[in-house]
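Secondary and tertiary structure notes
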Amino acid sequence: MSVLPELRYPTVTEQVSAARALSAQRPGVCTLRQVGTSRAGRPLHLLSVGRARRAVLVVAGAHANEPTGSCTQLDLARRVLEQRELRDGVSWHFLLCADPDGASLHVTPAPRSLFDYHLGFFRPAGPEQPEWAPSVLPPDRLPPETRALTGVIDELRPYLQVTLHGTDLGGSWVQLTRDVPGLAEPFAKSAAELHIPVETGASDAAGWPASGPGVHVMPAPGIGPAYPSLPDDARHSTWYHAHRYGGLTAVVEVPMWASDLVDDPAPHPAPAAAIGRLARRLQRDALEVTRVLDHALPRLADLDGPLLRAARWGLELVPGLASDLLHIPPADLTRAYVGSVDAFARRVPLRAAAMLLRVLRGTDDRAANQLEELVSTWSDAFAERFRARWVPLEHQVEHQSRTVVAAALHARERAW
């Protein structure tokens, strides 16, 4: 981050420039190379520190709207260069941005409010997400970003892959494809020191075993669906590609904004009624966005850009999501989990509305005004309902860096 004139998320170009400067300073230890090309022709870069056979792979930018990982990777690379013990028998490899095309479409480098954040929001549809695409597409249709990532995994055979993600509300948590004993303690300590709440009821991890607060282990293949609310199976994603070489993956989530509502593990007093209310609101809000889209469709008939595809995909998910919410076992419905689902149910139509707003500006003023009013109202309700507060960027980076290092050190001692 020292190359930036202000504290903000760096662009992909700035990431590559900083990585190139590091490799120039320590050419005997550090290398930067291109490992693939995006659909739009943008290069994918891998920064490597050390030459040991045992490898840690760190992936950033798999979701365009989760930019903390870009800063974290640069921080981690410097730490590994400065602390020789982190390179003891281990090489570190950083895929700087898994989706540079998506990063070019998410345009909030330093959001000061949830409204500001959502006005520049972009997140690709599921089949276009580099890590998620294998869960929904056959091998011959995978995007080049996915093939580049799996190619790097095949080359390095990492004992640990860490993918850096973020949440636009909630707390911090870790998702593991196989348990890393001992990780829960340093993770919780780091979060406490930096005043970041731990997410004890992540909507992605309903019913999963936990090795500690906020550290969840994905169910093994054959046990049941990894995500009860989604038809896709994450165990076909690139997270599991490292398993063929005896490795595992840790998905580290860190919040841009935080809410204390996510760390209350007490049972919810009326979970069935609460979830039913959230499912109905999700459908109602999505219908409001759909009505605006239907009104504007005649003017959008010739448009098929990524913003429009992603917005439509989000709206298409709503009926299934709303239905599946009603079938979650009440035993899993803590106050924290209901709060997490509440945030999720607000996010889906809000994200779709924000992306459609950018499509419609200059195309349909009336529809754009309707969507802007929805985005403003829903962003305000979001912040008020969850008492959302900005987590300083340096705290996001420090917590994510500590968690990655702790995962690497603990996993190095295990024989997978």
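Coordinates for the structure precede this section.
As the structure is a computational prediction, the values presented were derived from the model and not from experiment.

The helix and strand inventory of the chain stands at eleven helices and eleven strands. For the chain, the C-alpha radius of gyration of 21 Å lies close to 22 Å, the compact-globule estimate for 416 residues. When its C-alpha atoms are laid out on the principal axes, the chain stretches across 60 × 50 × 45 Å. Sequence-distant contacts, at least 24 apart, represent 79% of the contacts inside the chain between residues at least 6 apart. Counting every atom, the chain has about 16600 Å² of accessible surface; 52% of that belongs to carbon and sulfur. If the 43 positive side-chain charges of the chain are averaged to one point and the 46 negative ones to another, these points end up 4 Å apart.

Attention now moves to the state of the cysteines. This model, assessed by the stated rule, comprises zero disulfides. With no disulfide of its own, cysteine 71 has cysteine 97 as its nearest cysteine by sulfur position, at a separation of 12 Å. For cysteine 71, a relative accessible area of 1% translates into the label buried. Classification of cysteine 97 as buried rests on a relative accessible area of 6%.

This part covers the packing of aromatic side chains. If you walk through the whole model with that rule in mind, you get six aromatic pairs. Ring geometry for tyrosine 117 versus tryptophan 257: centroids 5.5 Å apart, planes at 65 degrees, classification edge-to-face. Here tyrosine 117 is found in helix H4 (residues 114–119), whereas its partner tryptophan 257 is found in strand E10 (residues 257–258), with 140 residues between them in sequence. Tryptophan 257 gets classed as buried once you look at its relative accessible area, which sits at 4%. When the ring of tryptophan 132 is compared with that of tryptophan 239, the centres are 6.2 Å apart and the planes differ by 65 degrees; the resulting orientation is edge-to-face. With tryptophan 132 in the loop between H4 and helix H5 (144–156) and tryptophan 239 in the loop between strand E8 (215–217) and strand E9 (248–255), the pair connects residues that are 107 residues apart, well separated along the chain. Taken individually, tryptophan 132 and tryptophan 239 each receive the classification buried, so the pair is uniform in this respect. Linked through ring pairs, Tyr117, Phe121, Trp257 and Trp390 together constitute an aromatic cluster. The aromatic ring of tyrosine 159 is capped on one face by arginine 54, whose charged end is 4.7 Å from the ring centroid.

This brings us to the pairing of strand E2 (residues 43–49). Of all the seven residues making up E2, six are buried; the element is thus mostly covered by neighbouring parts of the structure. Pairing of strand E1 (residues 30–37) with E2, which is carried by seven bridges, proceeds in the antiparallel orientation. Looking across to E2, one finds that arginine 33 is bridged to leucine 46. Between E1 and the antiparallel strand that follows it, E2, lie five residues; glycine 41 among them carries a positive phi value of about 90 degrees. Here E2 runs beside strand E4 (residues 91–95); their pairing, made up of four bridges, is antiparallel. Note on E4: the bridge partner recorded for serine 48 is histidine 93.

All right, on to the pairing of strand E5 (residues 160–167) then. Across the eight residues of E5, eight count as buried, placing the element largely inside the fold. Judged by which residues are buried, E5 turns out to be covered on both faces: Leu160, Val162, Leu164 and Gly166 on one side and Gln161, Thr163, His165 and Thr167 on the other are all buried. Alignment of strand E3 (residues 55–59) against E5, held across four bridges, turns out to be parallel. What sits directly across from valine 56, in E5, is leucine 160. In terms of strand pairing, E5 meets E9 through eight bridges, oriented parallel. Residue pairing across strands places leucine 164 opposite valine 252, the latter belonging to E9.

Time to look at the environment of aspartate 99. Within the fold, aspartate 99 resides in the loop between E4 and helix H3 (100–105). Overall, aspartate 99 belongs to the buried group, its relative accessible area being 1%. It is 6.7 Å that separates the C-alpha atoms of aspartate 99 and glutamate 145, two residues lying 46 residues apart in sequence. Those residues in contact with aspartate 99, other than ones at most four positions away along the chain, are Arg39, Gly61, Ala62, Pro124, Pro130 and Glu145.

So, how was this worked out
Residues numbered from 1 in each chain as written. Predicted model: local features only at pLDDT ≥ 70, side-chain atom pairs only at ≥ 80, totals over all residues. Heavy atoms only, no water. Helix = DSSP H or I, 4+ residues; strand = E, 2+ residues; numbered from the N terminus. Rg over C-alpha atoms; globule rule 2.2 N^0.38 Å. Contact = heavy atoms within 4.5 Å. Areas by Shrake-Rupley, 256 points an atom, 1.4 Å probe, with all protein chains shown as cover. Lys, Arg positive; Asp, Glu negative; His and termini not counted. Charge placed at Lys NZ, Arg CZ, Asp CG, Glu CD. Disulfide = S-S within 2.5 Å. Buried < 20%, exposed > 50% of the residue type's maximum accessible area, 1.4 Å probe, protein only. Phe/Tyr/Trp six-rings, centres within 6.5 Å; stacked < 30°, edge-to-face > 60°. Lys NZ or Arg CZ within 6 Å of the ring centre and 35° of its normal. Pairing = 2+ DSSP bridges.

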